[in-house]
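Report on the structure
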Amino acid sequence: MKRLLTLLKEVLDLFEIFSSLLKYIFITVIYLFIFAIIRMIYLDIHSMNGRRTSENQNLPYLKLINRRDSLKLKVEESYVLENNVTIGRASGNGITIADQFLSGKHVAFMYQEGFYFIKDLDSTNGTFVNGDKLSDLPVRLKDGDRVHIGQLDFLYVSGQEVE
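Residues numbered from 1 in each chain as written. Predicted model: local features only at pLDDT ≥ 70, side-chain atom pairs only at ≥ 80, totals over all residues. Heavy atoms only, no water.

**Examining the overall build of the protein chain**
The helix and strand tally for the protein chain stands at one helix and 11 strands. The helix and strand sequence of the protein chain, counted from the amino end, reads α-β-β-β-β-β-β-β-β-β-β-β. Intrachain contacts of the protein chain at a sequence separation of at least 6 include 38% that bridge at least 24 residues. Accessible surface, the protein chain as shown: approximately 11700 Å² in total, 60% of it carbon and sulfur. (Helix = DSSP H or I, 4+ residues; strand = E, 2+ residues; numbered from the N terminus. Contact = heavy atoms within 4.5 Å. Areas by Shrake-Rupley, 256 points an atom, 1.4 Å probe, with all protein chains shown as cover.)

Shown next, in the form of structure tokens:
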């Protein structure tokens, strides 16, 4: 009987240690969850500031709308389109993004006659505006157009202030 009581006491001690360990693991998971939420809020607020300055405030820009951390790409939240600029994987572009689904020179944004146009530069995976694949001809961009290149989706913002 005495042996049974000591065995029961040892089992209860092990259970107490196990329950304390689970409690600390649970508390750690909760703190990591709270940290992840605070980090997401910080990154969202930080991205709202963007790269726009007072001198390029009225220039059009591309706003990233499908931020996925699983892509492991260094992608800015917005890219200002100054006059004629190309986007691609190669370093000679005005905007370089290391996306494996982008061609070396993937797409060009051109300023002509007061409007911005987009032209696919014979890219392998194509360029899409509002879900439609671009042909060889440039397409005029309108405020709010969705531009899909590689694995990324952007929103075209004209940069003109609406009054």
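**Notes on the packing of aromatic side chains**
Scanning the model with the defined rule gives two aromatic pairs in all. A centroid spacing of 6.0 Å and a plane angle of 70° characterise the contact between Y79 and F154, whose relative ring orientation is edge-to-face. Here the residue Y79 occupies a position in strand 2 (residues 78-80), and F154 occupies one in strand 11 (residues 152-157), the gap between them amounting to 75 residues. Looking at Y79, the relative accessible area reads 9%, which means it is buried. Note on F154: relative accessible area 0%, which makes it buried. Ring centres of Y111 and Y116 lie 4.9 Å apart, and the angle between their planes is 50°; this geometry places the pair in the tilted category. Judged by its relative accessible area of 6%, Y116 falls in the buried class. Stacked on the ring of Y24, the Lys or Arg K23 has its end atom at 5.7 Å from the ring centre. (Phe/Tyr/Trp six-rings, centres within 6.5 Å; stacked < 30°, edge-to-face > 60°. Buried < 20%, exposed > 50% of the residue type's maximum accessible area, 1.4 Å probe, protein only. Lys NZ or Arg CZ within 6 Å of the ring centre and 35° of its normal.)

**Brief notes about the pattern of salt bridges**
Counted according to the given criterion, the structure contains one salt bridge. Across the pair R146 and D153 runs a salt bridge, and its minimum N-O distance is 4.0 Å. (Salt bridge = Lys/Arg side-chain N within 4 Å of Asp/Glu carboxyl O.)

**Some remarks on the environment of G144**
Topologically, G144 is positioned in the loop between strand 9 (139-140) and strand 10 (146-149). If near-sequence neighbours (up to four positions away) are discounted, G144 is found in contact with N130, L155 and Y156.

**Focus on unusual backbone geometry**
Of note in the backbone geometry, E113 takes a positive phi value of approximately 55° without being a glycine. Of note, E113 is situated in the loop between strand 5 (107-112) and strand 6 (115-120).

**Here we look at the nonpolar core**
L81, I87, I97, F109, I118, V147 and F154 are the most contacted members of the largest nonpolar core, which has 22 residues in total. Going through the elements one at a time, strand 1 (61-64), strand 3 (85-88), strand 5, strand 6, strand 10 and strand 11 are the ones with two or more residues in this core. Ranked by residues supplied to this core, first place goes to strand 11 with three residues. (Core = buried A, V, L, I, M, F, W, Y, C linked by side-chain atoms within 4.5 Å.)

**So, the sheet that holds strand 1**
Read across the open sheet, the six strands follow the order 2-1-11-10-7-8; overall the sheet is antiparallel. Pairing within the sheet leaves two strands with one partner each, and these edge strands are strand 2 and strand 8 (132-133). Across four bridges, the pairing between strand 1 and strand 11 is antiparallel. Within strand 11, the position partnered with L62 by the bridge is Y156. (Pairing = 2+ DSSP bridges.)

**As for the pairing of strand 10**
Along any regular strand, the residues point their side chains to alternate faces of the sheet. Alternating positions in strand 10 separate cleanly, V147 and I149 being buried on one face and R146 and H148 remaining unburied on the opposite face. Sheet analysis places strand 7 (residues 127-129) next to strand 10, joined by three bridges and oriented antiparallel. Bridging from a neighbouring strand, F128 pairs with H148 of strand 10. Two strands pair when backbone bridges link them, and strand 10 and strand 11 are joined in this way by four bridges, in the antiparallel orientation. Among the inter-strand pairings, V147 is bridged to a residue of strand 11, identified as F154.

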